Amino acid sequence: MLLAESANTLQAEEGGSTWLITPNIGMTIWTLIVFSVSLVVLTKAVFPRIREALDRRQAAIEESIDAAERTRQEADALLVEYRERLAEARAQAEEIVERARQAAAVVENEARTTAATRGEQMLEQTRRDIEAESRRMLDEIMRDVAELTVLATERVTRKTLTDADQRQLVQDALSDLDFSALVGGRAHEN
């Protein structure tokens, strides 16, 4: 049969007829057999490998998509957490600033109060010091007046006075003098 086909093929070539268009049953059967064997070999050996490669590729793509989705979800969660922390940080910063303002106001009030109290204490101490110095000076003046009075009396009378006479003379002289202007309106008593 093969010979017959070959002869037909040669005849078709020599005769100028189109052997591709003319159906040849032998060639068709062999073509079907070769196609069937090729299909079986491809189905058993090649297609499973191709399918396996495609499945791996599909799995890798699906894994990449899943990983991208997980990454996006994590990024969204991180963004939400970041915004929450940023809001908390802003609130804490505002709270710290407010506490600092309040503390500064308290310190300022305390400083003013302390300064006012310290000023009043210093003023009162200065008043006491002035009053003490005024009394000391007044006592000194009174002693000087007493001594001068005794000296003046001794010179005028040309005699030495006894202690009792001196005391009486000093008391009389001092009672005549007005020391109220020296001690801020207070009369000094002996």
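Since the structure is predicted, the reported quantities are computational estimates derived from the model, not experimental observations.

(A) Inspection of the pattern of salt bridges at higher detail. The final tally for this structure, using the stated rule, is 13 salt bridges. The closest approach of N and O atoms between Arg72 and Asp76, which form a salt bridge, is 2.9 Å. You can see Arg72 and its partner Asp76 sitting in helix 2 (residues 25–157), four residues apart, about one turn around the helix. The network of salt bridges with shared partners includes Glu69, Arg72 and Asp76.

(B) Structural detail: the nonpolar core. Counting residues in hydrophobic clusters, the biggest one holds six residues: Leu138, Met142, Ala146, Val150, Val170 and Leu174. Elements with a contribution of two residues or more to this core: helix 2 and helix 3 (163–176). Of the residues forming this core, the biggest block, four residues, is contributed by helix 2.

(C) How the structure looks around a nonpolar patch on the surface. A cluster of nonpolar side chains, contributed by Ile25, Ile29, Trp30, Ile33, Val34, Val37 and Val41, occupies part of the molecular surface with about 670 Å² of accessible area. Of note, Ile29 is situated in helix 2. Relative accessible area serves as the criterion here: at 41%, Ile29 is assigned to the partly exposed category.

(D) Structural context of the confidence of the model for the chain. With 79% of its residues at a pLDDT of 70 or more, the chain has an overall mean of 82. Put simply, helix 1 (residues 2–15) is where the chain has its lowest mean pLDDT, 53, and helix 2 is where it has its highest, 90. This model gives residues 186–190 a pLDDT under 50, and the stretch forms ten contacts once residues within four places in sequence are excluded.

Definitions and cut-offs
Residues numbered from 1 in each chain as written. Predicted model: local features only at pLDDT ≥ 70, side-chain atom pairs only at ≥ 80, totals over all residues. Heavy atoms only, no water. Salt bridge = Lys/Arg side-chain N within 4 Å of Asp/Glu carboxyl O. Helix = DSSP H or I, 4+ residues; strand = E, 2+ residues; numbered from the N terminus. Core = buried A, V, L, I, M, F, W, Y, C linked by side-chain atoms within 4.5 Å. Buried < 20%, exposed > 50% of the residue type's maximum accessible area, 1.4 Å probe, protein only. Patch = residues over 30% accessible without salt bridge, like charges linked within 9 Å, V, L, I, M, F, W, Y side chains within 5 Å. Areas by Shrake-Rupley, 256 points an atom, 1.4 Å probe, with all protein chains shown as cover. pLDDT = per-residue confidence, 0-100. Contact = heavy atoms within 4.5 Å.

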